[in-house]
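Inside the fold
Chain by chain, the residues run as shown.
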Amino acid sequence: MQIDDTDRRILRHWLAEPGLERAALAERAGVTAATLWRRLDRLREAGVIRSEGAVIDWRALGYAVEVSLRFTLDKTNPRAFDEFILAAREVPEVTFIETFLGRVDVRLNVIARDMGHWTGIYRDRILTLPHIAEVEALMLVSTIKATGGLPL
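How each quantity is defined
Residues numbered from 1 in each chain as written. Predicted model: local features only at pLDDT ≥ 70, side-chain atom pairs only at ≥ 80, totals over all residues. Heavy atoms only, no water. Phe/Tyr/Trp six-rings, centres within 6.5 Å; stacked < 30°, edge-to-face > 60°. Buried < 20%, exposed > 50% of the residue type's maximum accessible area, 1.4 Å probe, protein only. Pairing = 2+ DSSP bridges. Helix = DSSP H or I, 4+ residues; strand = E, 2+ residues; numbered from the N terminus. Axes fitted to C-alpha atoms, helices over the stretch in contact; angles between N-to-C directions. Contact = heavy atoms within 4.5 Å. Parallel < 35°, antiparallel > 145°, perpendicular 65-115°, else oblique. Left-handed = near helix turned anticlockwise from the far one by under 90°. Nonpolar A, V, L, I, M, F, W, Y, C, P; charged D, E, K, R; others polar. Patch = residues over 30% accessible without salt bridge, like charges linked within 9 Å, V, L, I, M, F, W, Y side chains within 5 Å. Areas by Shrake-Rupley, 256 points an atom, 1.4 Å probe, with all protein chains shown as cover. Salt bridge = Lys/Arg side-chain N within 4 Å of Asp/Glu carboxyl O. Expected span 1.5 Å × (residues − 1). Arc of directions from axis to C-beta.

Let us now look at the packing of aromatic side chains. According to the stated counting rule, one finds three aromatic pairs in the structure shown. Ring centres 6.2 Å apart and planes at 85° place the aromatic pair W58 and Y63 in the edge-to-face group. Its relative accessible area of 23% is what places Y63 among the partly exposed residues.

If you want it as structure tokens, here you go:
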């Protein structure tokens, strides 16, 4: 889909302030409310806007530990990816799953309340996932930049 400068302006303002009321968003983007609604609908239909929702701060809910796990799977089994991902989806503390081409096959993001909780999740839920050939854990220390913004 081709987007124009008006679409970019709407998206830029919306990403900068996701909670902005639609009337205020229209004003900041320099369009009427009706134009804003039409353009947002068109962007949704084209799949540019995939969803709208809350961004949850897991730390505020008591999850102080966040770990990124990188897996290399034993690909001698043709169902290794499917079975691994199916099992990983069942771990409630897994917040997202990504697959890759290259040395790393799958990455999981896992949250835990504290190190004791993390140790239990890792030992009892993660290491029991099927087809793991290698796993590397990267514990999050700080987030320097986290944005859904694009250079629009």
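Spatial ordering of the open sheet is given by β2-β3-β1-β4, a layout of four strands whose pairing is antiparallel. Where the open sheet ends on each side, the last strands, each with one partner, are β2 (94-99) and β4 (132-139). Neighbour-to-neighbour, the strand axes of the sheet open up by a mean angle of 20°, direction not taken into account. Relative to β4, strand β1 (residues 65-73) runs antiparallel, the two being bridged by seven bridges. Residue pairing in the sheet places F71 in a bridge with V135 of β4. Each of β1, β2, β3 (106-112) and β4 touches helix α4 (residues 80-89); the most contacted strand, β2, lies at about 165° to it. Docked against the sheet, helix α5 (residues 115-126) engages β1, β3 and β4, running at close to 140° with respect to β3.

Another point: the packing of helix α1 (residues 5-16) against helix α2 (residues 22-29). Their axes nearest at 9 Å, the elements α1 and α2 cross at an angle of 130°. Taken together, the axes of α1 and α2 are oblique relative to one another. In this structure, the crossing between α1 and α2 has a hand that is right-handed. Here α1 contributes R9, I10, H13 and W14 to the contact with α2, which in turn contributes R22, L25, R28 and A29. A breakdown of the residues in the contact of α1 with α2 according to their chemical character gives four nonpolar, one polar and three charged.

On the surface, I56, W58 and L61 cluster together into a nonpolar patch covering about 290 Å² of accessible area. You can call W58 partly exposed: its relative accessible area is 33%.

When the terminal C-alpha atoms of helix α3 (residues 33-45) are compared, their 18 Å separation across 13 residues agrees well with the 18 Å that a helix rising 1.5 Å per residue should span. For α3, the full list of buried residues reads T35, L36, R39, L40 and L43. When α3 is viewed along its axis, its buried side chains cluster within an angular range of 130° and face the same direction. Exposed and facing more than 90 degrees away from the buried side of α3 are R38 and E45. Those residues of α3 hidden inside the fold are in contact with α1 and α2. G47 lies just past α3 and shows a positive phi near 85°.

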